[in-house]
Amino acid sequence: MIEVTELTKYYGARRALDRCSFRIGQGEIVGLVGKNGAGKTTILKILSGQLLPTEGQAMIDGQSVEDNSIAARAKIGYLPEIPPLYGEMTVSNYLRFACRLRGVPSEQTENRVIKAVYYTGLKEVATQRLGTLAKGYQQRVGIAQAIIHSPPVVLLDEPMASLDPIQIVQIRDLILSLKNQHTVLFSSHILSEVTQICERVILLDEGTIKAQGREDEIRSELLHRRRLSLLIRGTSDRLKEVLAPLGNIEMVIEPFDGRKGSELISASITTEQDIREQVGRMCVEGGLGLLELREERHGLEHLMLQLLEGGGSEPS
Amino acid sequence: MSKILLIARREFGAYFATFSGYLILAAYLLISGLLFNIYALGREAKFSQDVLADYFYYSSGMVMVAAVILAMRLIAEERQTHTLVLLQTAPVTEREVVWGKFLSALAFFGVLLLVSLYLPALVFINGKISVLQIMTGYLGLLLLGSACIAIALLASSWSQSQLMAGTIGALMVVLLLITWMIARITDEPLKGLMYYLALHNLHFRTFSRGTLHFRDVIYYCGVTIFFLECAVRSLESRVWRE
């Protein structure tokens, strides 16, 4: 339903997204999680047709958001971080307008408005002006306008930001009720918030997708991964040869400081076991100058912990 | 077309849902009335058709100011209140958004002109005037207002705030007003072009005298469409500009 391929976005010289790819199937609820500035809003803005990607492609139900923007927009419902509400309109008039704007025939409009009002619990404020509503109700109206035309895809940008705990529970239940009828992609900077709703999580950090999958999968993968950092005097070929007995390991070797012809190389090894002793012994016995060997705590683990604790600070 | 009318209807309702619409109406009527009494009627005796011509001349200034005030909010306000995103993410083209907003401002402007009709009608009490002159004069005001709304709408599509949109819109209108002055110190062929481009001098005076020239109607329609299309391009460019 949503297909994102190698999506890259630059704001001037700043890279906001770097080759992000993911797929979301019909009826799935997926959470985009990341700290402030991770690129969540940029992805949602591209998917909703507000921004063009610098590179890559985004498709909504088979329609390219770049080449067939109008057709792609017809398939989405979008709630931005600040709900787009006309303060002078009443709730039902606003929903009527949003419904017609999305191309729903006039004879179906009333029915859709009644359903959306009922579904989002807005009955008691239906005749009230939007400008006079409390934040929680405004958010509900925002969700109502996003689903009123029954779009296959619903995009929600930080739908629970700045809500009180009771409102969060209400909005969470509302999003959960969208499951199966709509494909939902929503962003948040608090992982626990997302994992209560989503089957799948896409973890973003500084514009790149660091991990995606079920929360428990990501967590166990991250907690079992170790990264060894080496500084060696020798050649990369020799290092590969010396460490060959370790079998199939994930290793990245590059010249130290990025200088070509340097006699120092740095290597980064990702494994699931603690192989520090073995690597140290093999390097020394293999005649390589072992200048440094240390285990780095996985950056993502920090990120996960921060997100779990809600330490992502303000939403992006 | 239905999307254009939908946007226009909502926007038109917004003028009356707040005090701003009534305030603009009241201010326009008050100042028009004063100008009518002070300058159009004046103290010395005048032919009725001159009274009417003067009325349209002074009203044209009011019309330009009112048009800029009406249009400056159209897109800039949506940016300020974060509602533009609703239109940007709906299956609506930028052309539909711009024309919808333009029509709403033009409709409100039409109401403005309609309620001011009693002023020239007052001339009937002591004078004799042609209804055709009133109609032609009002058509001129409508066309001039339409061009100014389109200019201010373009300024609004560029701006983050209404104040900024109003300032830029007013500057653009003034610039187009004074091109006939620039024409005086310019050589041909630029001179002719500058004279032709002037928003008021060459094209509006004929309307106020009750004469309808097709070329003037074409000019105002051309200016309106040109600036509206520029606004469409300006909105379209937002997706690749950021």
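The structure this text deals with has already been given above.
To start, this report covers the structure provided alongside it. (Residues numbered from 1 in each chain as written. Chains lettered and ligands numbered in written order. Predicted model: local features only at pLDDT ≥ 70, side-chain atom pairs only at ≥ 80, totals over all residues. Heavy atoms only, no water.)

**Considering helix α6 (residues 165-176) of chain A**
In an α-helix, one turn spans 3.6 residues, which is why side chains three or four residues apart end up on the same side. Residues and elements named next belong to chain A. We count it as follows: Secondary structure elements are defined from DSSP: runs of H or I of at least 4 residues count as helices, runs of E of at least 2 residues count as strands, and each element is numbered from the N terminus. Here the expected length of a helix is defined as 1.5 Å per residue gap, with one fewer gap than residues. Only protein chains enter the calculation, and the probe is 1.4 Å; a residue is then buried if its accessible area is under 20% of its type maximum, exposed if over 50%, and partly exposed in between. The arc in question is the one spanned by the directions pointing from the helix axis to the C-beta atoms. Whether two residues touch is decided by their heavy atoms; if any such pair falls within 4.5 Å, the residues are in contact.
Between its first and last C-alpha, α6 extends 16 Å over 12 residues, near the 16 Å set by a 1.5 Å rise per residue. Here α6 has its buried residues at Gln-167, Ile-168, Ile-171, Arg-172, Leu-174 and Ile-175. Along the axis of α6, the buried residues cluster in a sector spanning 160°; they form a single face. Facing away from the buried side of α6 by more than 90 degrees, the exposed set consists of Pro-165 and Ile-166. On the buried face of α6, the contacting elements are β3 (29-34), α4 (106-119), α5 (135-147), β7 (153-157), β8 (183-188) and α7 (191-195).

**Here we look at the interface of chain A and chain B**
Going by this rule: Note on definitions: buried area is the accessible-area loss of two parts on being combined, 1.4 Å probe, summed for both. By salt bridge we mean one thing: a side-chain nitrogen of Lys or Arg within 4 Å of a carboxyl oxygen of Asp or Glu. Counted as a polar contact is a pair of N or O atoms within 3.5 Å, where, for protein atoms, one must be capable of donating a hydrogen and the other of accepting one, and residues adjacent in sequence contribute only when both atoms are in side chains. As a working rule, the residues Ala, Val, Leu, Ile, Met, Phe, Trp, Tyr, Cys and Pro are called nonpolar, Asp, Glu, Lys and Arg charged, and the rest polar, with Gly in that last group.
Facing 27 residues of chain A, the contacting portion of chain B comprises 25 residues. Between chain A and chain B, the buried area comes to about 2400 Å², and carbon and sulfur atoms account for 66% of it. Its largest share of buried area at the contact with chain B, chain A owes to A:Arg73, A:Tyr86 and A:Leu101, together 27% of the area lost on that side. On the surface where chain A and chain B come into contact, there are one salt bridge. Across the salt bridge formed by B:Arg10 and A:Glu88, the nearest N and O atoms sit 2.9 Å from each other. In this structure, the connection of chain A to chain B is made through six residue pairs in polar contact (both at pLDDT 80 or more). With four residues, helix α3 (residues 91-101) of chain A is the largest single contributor of residues to the side of chain A that touches chain B. Classifying every residue of the side of chain A that touches chain B gives 16 nonpolar, five polar and six charged.

**So, the pattern of salt bridges**
As enumerated under the stated definition, the model contains 22 salt bridges over all chains in all. In this structure, A:Lys75 and A:Asp61 form a salt bridge, with 3.3 Å as the shortest nitrogen-oxygen distance. Of this pair, A:Lys75 sits in the loop between α2 (69-73) and β6 (76-79) while A:Asp61 is found in the loop between β4 (55-60) and β5 (63-64), placing the two residues 14 residues apart along the sequence. Put simply, A:Arg294 and A:Glu292 hold a salt bridge, and the shortest N to O gap is 2.7 Å. Members of the salt-bridge network, linked through shared partners, are A:Glu88, B:Arg10, B:Glu11, B:Arg73, B:Glu77, B:Glu78 and B:Lys101.

**Comments concerning empty space enclosed by the protein**
All names here are of chain B. Rules: Only protein atoms enter the 1 Å grid used here. Points where a 1.4 Å probe fits but cannot escape make up a cavity, open sets with protein on both sides within 12 Å along at least five of seven lines make up a pocket, and a residue lines them when an atom lies within 4 Å of a point. Grid points are joined across faces, edges and corners, and a volume is the space filled by probe spheres set on the points.
Applying the stated criterion across every chain yields a total of two cavities of 30 Å³ or more. The computed volume of the largest cavity comes to approximately 60 Å³. Elements represented by at least two residues in the lining of the largest cavity include exactly α4 (84-88) and α5 (94-115). Here the element with the most residues in the lining of the largest cavity is α4; it accounts for three residues.

**A look at the side chain of B:Thr89**
When you line up the elements, B:Thr89 lands in the loop between α4 and α5. B:Thr89 gets classed as buried once you look at its relative accessible area, which sits at 2%. For B:Thr89, the side chain forms a polar contact with the main-chain oxygen of B:Val85, separated by 2.8 Å. Filtering out sequence-adjacent residues up to four positions away, B:Thr89 remains in contact with A:Ser48, A:Gln50, A:Arg73, A:Ile76 and A:Tyr78.

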